[in-house]
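Structural features, examined
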Amino acid sequence: QVQLAESGGGLVQAGGSLRLSCAYSSRRAFTNYAISWFRQAPGKEREFVSLINWNGGRTEYSDSVKGRFTISRDNNKNTVSLQMNSLKPEDTAVYHCAATMTYYTGIYPNEYDYWGQGTQVTVSS
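**Comments concerning the overall build of the protein**
- For the protein, the count of helices and strands is zero helices and eleven strands.
- Secondary structure elements of the protein, listed N to C terminal, follow the sequence β-β-β-β-β-β-β-β-β-β-β.
- Taking 14 Å as the expected radius of gyration for a compact globule of 125 residues, we find that the protein reaches 13 Å, a close match to that expectation.
- Considering only C-alpha atoms, the protein reaches an extent of 40 × 25 × 25 Å along its principal axes.
- Taken across its 125 residues, the protein has 42% of its residues classed as buried.
- Of the roughly 6,600 Å² that the protein leaves accessible, carbon and sulfur atoms contribute 45%.

**Some details on the nonpolar core**
- Trp-37, Leu-82, Met-84 and Tyr-95 are the most contacted members of the largest nonpolar core, which has 29 residues in total.
- Among the secondary structure elements, those contributing two or more residues to this core are β1 (2-7), β3 (18-26), β4 (34-40), β5 (47-52), β7 (69-74), β8 (79-84), β9 (93-100) and β11 (119-124).
- Non-local contacts of Met-84, meaning those with residues more than four positions away in its chain, are made with Gly-16, Ser-17, Leu-18, Leu-20, Arg-68, Phe-69, Tyr-95 and Val-121.
- Core analysis: the second largest hydrophobic core is formed by five residues, Phe-48, Leu-51, Ala-98 and Tyr-112 among them.

**So, the pattern of salt bridges**
- Evaluation of the coordinates by the stated rule reveals five salt bridges.
- Put simply, Arg-68 and Asp-91 hold a salt bridge, and the shortest N to O gap is 2.8 Å. Remark: Asp-91 occurs in the loop between β8 and β9 and Arg-68 occurs in the loop between β6 (59-61) and β7; sequence separation between them is 23 residues.
- Since its relative accessible area comes to 10%, Arg-68 is described here as buried.
- Within the structure, one salt-bridge network assembled from shared partners comprises Arg-39, Glu-47, Arg-68 and Asp-91.

**Comments concerning the environment of Thr-100**
- With respect to the secondary-structure elements, Thr-100 resides in strand β9.
- Given a relative accessible area of 1%, Thr-100 falls into the buried group.
- Residues Thr-100 and Tyr-112, twelve residues apart in the sequence, show an inter-C-alpha distance of 4.8 Å.
- Those residues in contact with Thr-100, other than ones at most four positions away along the chain, are Asn-32, Tyr-33, Ala-34, Glu-111, Tyr-112 and Asp-113.
- At 2.6 Å, the side chain of Thr-100 and the backbone oxygen of Thr-102 are in polar contact.

**Points about the packing of aromatic side chains**
- The final tally for this structure, using the stated rule, is seven aromatic pairs.
- Aromatic side chains Tyr-112 and Trp-115 sit 6.0 Å apart centroid to centroid with 65° between the ring planes, which places their arrangement in the edge-to-face category.
- For Tyr-112, a relative accessible area of 7% gives the class buried.
- Members of the aromatic cluster, each reached through a chain of ring pairs, are Tyr-24, Phe-30, Tyr-33 and Tyr-114.
- A cation sits over an aromatic face here: Arg-46 above Trp-115, 4.7 Å from the ring centre.
- Here Arg-73 stacks its cationic end above the ring of Phe-30, 4.2 Å away from the centre of that ring.

**Quick notes on the state of the cysteines**
- If you walk through the whole model with that rule in mind, you get one disulfide.
- Here Cys-22 is linked by a disulfide to Cys-97, with a sulfur-sulfur distance of 2.1 Å. Taking the sign of the S-S torsion, about 70° here, the bridge from Cys-22 to Cys-97 comes out right-handed. Taken together, the residues Cys-22 in strand β3 and Cys-97 in strand β9 connect sequence positions 75 residues apart.

Rules behind the numbers
Residues numbered from 1 in each chain as written. Predicted model: local features only at pLDDT ≥ 70, side-chain atom pairs only at ≥ 80, totals over all residues. Heavy atoms only, no water. Helix = DSSP H or I, 4+ residues; strand = E, 2+ residues; numbered from the N terminus. Rg over C-alpha atoms; globule rule 2.2 N^0.38 Å. Buried < 20%, exposed > 50% of the residue type's maximum accessible area, 1.4 Å probe, protein only. Areas by Shrake-Rupley, 256 points an atom, 1.4 Å probe, with all protein chains shown as cover. Core = buried A, V, L, I, M, F, W, Y, C linked by side-chain atoms within 4.5 Å. Contact = heavy atoms within 4.5 Å. Salt bridge = Lys/Arg side-chain N within 4 Å of Asp/Glu carboxyl O. Polar contact = N/O pair within 3.5 Å; in protein donor to acceptor, adjacent residues only side chain to side chain. Phe/Tyr/Trp six-rings, centres within 6.5 Å; stacked < 30°, edge-to-face > 60°. Lys NZ or Arg CZ within 6 Å of the ring centre and 35° of its normal. Disulfide = S-S within 2.5 Å.

Here is the structure:
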């Protein structure tokens with residue numbers, strides 16, 4: 001079994017920054033998994049934000065966050081971070097991290113086996 005726990009959410013003004021963390025715990029090796037961030041705003045579907053592969057050699061971003069968000073991972077600490085800069089009110093959502101051993105595109109929620117509970121990010125205008 002794999003457990004994921006997000007932290008770092010909060011309330012920030014537009015233009016500000018937040019850093020989210022996803023902590024992984026399992027008997028299975030962390031490096032078996034690609035990790036992604038998704039977000040879900042009220043009344044909307046879960047949306048892909050960013051992906052990082054097992055060794056950090058590949059990252060992907062949605063067009064809406066490209067150039068503002070940066071994903072990284074520390075395989076010694078079993079954590080993935082999402083640095084979010086230049087935040088906008090439309091970034092307001094619950095942010096979830098998710099893990100998968102295999103994926104095709106990595107942008108669809110049904111490609112992921114494990115999910116964290118999420119952390120709320122609210123950006124005020």
